[in-house]
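# Chains, contacts and geometry: an overview
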Amino acid sequence: MLELQLRGDYIELDKLLKATGLCDSGGQARQLIAAGEVRVDGQVELRKTAKIRAGQVVGFAGQQVRVQAAA
């Protein structure tokens, strides 16, 4: 399980995938989200700029990312 520390209240889903290195680019991230390849808290998420907040878990390609609150 990867962890990502927020810098603000939330991060957009496509930016999270790029920031964690799960996608090489924002464009690739948006394509994968649109194709239904990404889950948030176990549910398929199709909104490319869905706001991901502390405590949520994003799943993609067998990896999971837990989002942590800003310090």
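In short, a report on the structure.

Reading the values: the criteria
- Residues numbered from 1 in each chain as written.
- Predicted model: local features only at pLDDT ≥ 70, side-chain atom pairs only at ≥ 80, totals over all residues.
- Heavy atoms only, no water.
- Pairing = 2+ DSSP bridges.
- Helix = DSSP H or I, 4+ residues; strand = E, 2+ residues; numbered from the N terminus.
- Polar contact = N/O pair within 3.5 Å; in protein donor to acceptor, adjacent residues only side chain to side chain.
- Contact = heavy atoms within 4.5 Å.
- Phe/Tyr/Trp six-rings, centres within 6.5 Å; stacked < 30°, edge-to-face > 60°.
- Lys NZ or Arg CZ within 6 Å of the ring centre and 35° of its normal.

## Observations regarding the pairing of strand S7 (residues 63-68)
The pairing of strand S1 (residues 2-5) with S7 spans four bridges and is classified as parallel. Paired with Leu2 across the strands is Val65, a residue of S7. Where strand S6 (residues 57-60) lies against S7, four bridges are found, and the strand directions are antiparallel. Bridge pairing in S7 links Gly59 to Gln64.

## With respect to the side chain of Glu45
When you line up the elements, Glu45 lands in the loop between strand S4 (43-44) and strand S5 (51-53). At a separation of 2.9 Å, a polar atom in the side chain of Glu45 contacts the side chain of Arg47. With residues up to four places along the chain from it excluded, the contact list for Glu45 reads Leu13, Ile33, Val38, Arg39, Val40 and Ala50.

## A few points about the packing of aromatic side chains
Scanning the model with the defined rule gives zero aromatic pairs in all. Over the aromatic face of Tyr10 sits the side chain of Lys51, whose NZ or CZ is 4.8 Å from the ring centroid.

## Observations regarding the sheet that holds S4
With mixed pairing, the five strands of this open sheet are ordered in space as S1-S7-S6-S3-S4. Whereas interior strands pair on both sides, the edge strands pair on one side only; in this sheet they are S1 and S4. Bridge count between strand S3 (residues 39-40) and S4: two bridges; the pairing is antiparallel. From the neighbouring strand, Val40 faces S4, where its bridge partner is Gln43.

By themselves these figures say nothing about function.
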